[in-house]
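Here is how the chains run, residue by residue.
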Amino acid sequence: MNEQKETLLEFPCEFAVKAMGLASHPDFEALVVEIVSLHVPDLPHQASRSRASKNGKYLSVTVTFQATSKAQLDAIYYALTAHRDVVMSL
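About the criteria used
- Residues numbered from 1 in each chain as written.
- Predicted model: local features only at pLDDT ≥ 70, side-chain atom pairs only at ≥ 80, totals over all residues.
- Heavy atoms only, no water.
- Helix = DSSP H or I, 4+ residues; strand = E, 2+ residues; numbered from the N terminus.
- Rg over C-alpha atoms; globule rule 2.2 N^0.38 Å.
- Contact = heavy atoms within 4.5 Å.
- Pairing = 2+ DSSP bridges.
- Axes fitted to C-alpha atoms, helices over the stretch in contact; angles between N-to-C directions.
- Buried < 20%, exposed > 50% of the residue type's maximum accessible area, 1.4 Å probe, protein only.

A. Geometry of the overall build of the chain. For the chain, the helix and strand inventory stands at 3 helices and 4 strands. Ordering the α and β elements of the chain from the N terminus gives α-β-α-β-β-α-β. Here the C-alpha radius of gyration of the chain, 14 Å, is about what a compact globule of 90 residues would show, namely 12 Å. Referenced to the eigenvectors of the C-alpha coordinate spread, the extents of the chain come out at roughly 45 × 25 × 20 Å. Within the chain, counting contacts between residues at least 6 apart in sequence, those at least 24 apart form 67% of the total.

B. Seen up close, the sheet that holds strand S1 (residues 13–22). Strand order in the open sheet formed by 4 strands is S2-S3-S1-S4, with antiparallel pairing between adjacent strands. Each end of this open sheet is capped by a strand with a single partner; those strands are strand S2 (48–52) and strand S4 (88–89). Two strands pair when backbone bridges link them, and S1 and strand S3 (residues 58–67) are joined in this way by 10 bridges, in the antiparallel orientation. Bridge pairing in S3 places Leu22 opposite Tyr58. Helix-sheet contacts for helix H2 (residues 28–37) involve S1, S2 and S3, and the interaxial angle to S3 is about 25 degrees.

C. The arrangement of the pairing of S2 in detail. In terms of strand pairing, S2 meets S3 through 5 bridges, oriented antiparallel. Across the sheet, residue Ala52 finds its bridge partner in S3, namely Leu59. Here S2 folds back onto S3 in antiparallel fashion, the turn holding 5 residues, of which Gly56 has a positive phi close to 80 degrees.

D. Broad picture of the environment of Leu38. Note on placement: Leu38 falls in the loop between H2 and S2. The exposure class assigned to Leu38 is exposed, which follows from its relative accessible area of 67%.

E. Structural view of the side chain of Thr62. In this structure, Thr62 sits in strand S3. Beyond its immediate sequence surroundings of up to four residues, Thr62 is in contact with Ala16, Val17, Lys18, Ala47, Ser48 and Arg49.

Dropping the structure here:
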């Protein structure tokens, strides 16, 4: 099966990935950016933004980048969800 049949996305495309973790983690945003940058070599410095949950317990970090393939996105999601400090990734 070719890649176009596996996804509705057309590559390259702008894509945003979100990861959530405990707000008490001292450098959660930097951690998420570091994980994504392993798979996106030219990740711009301003590619991320973060937001605390309503009660302040969690922090969500969104990283927006130019995705080049489904394999790249799969690798990013796998790396994020495999990290012990990431509670969830969307």
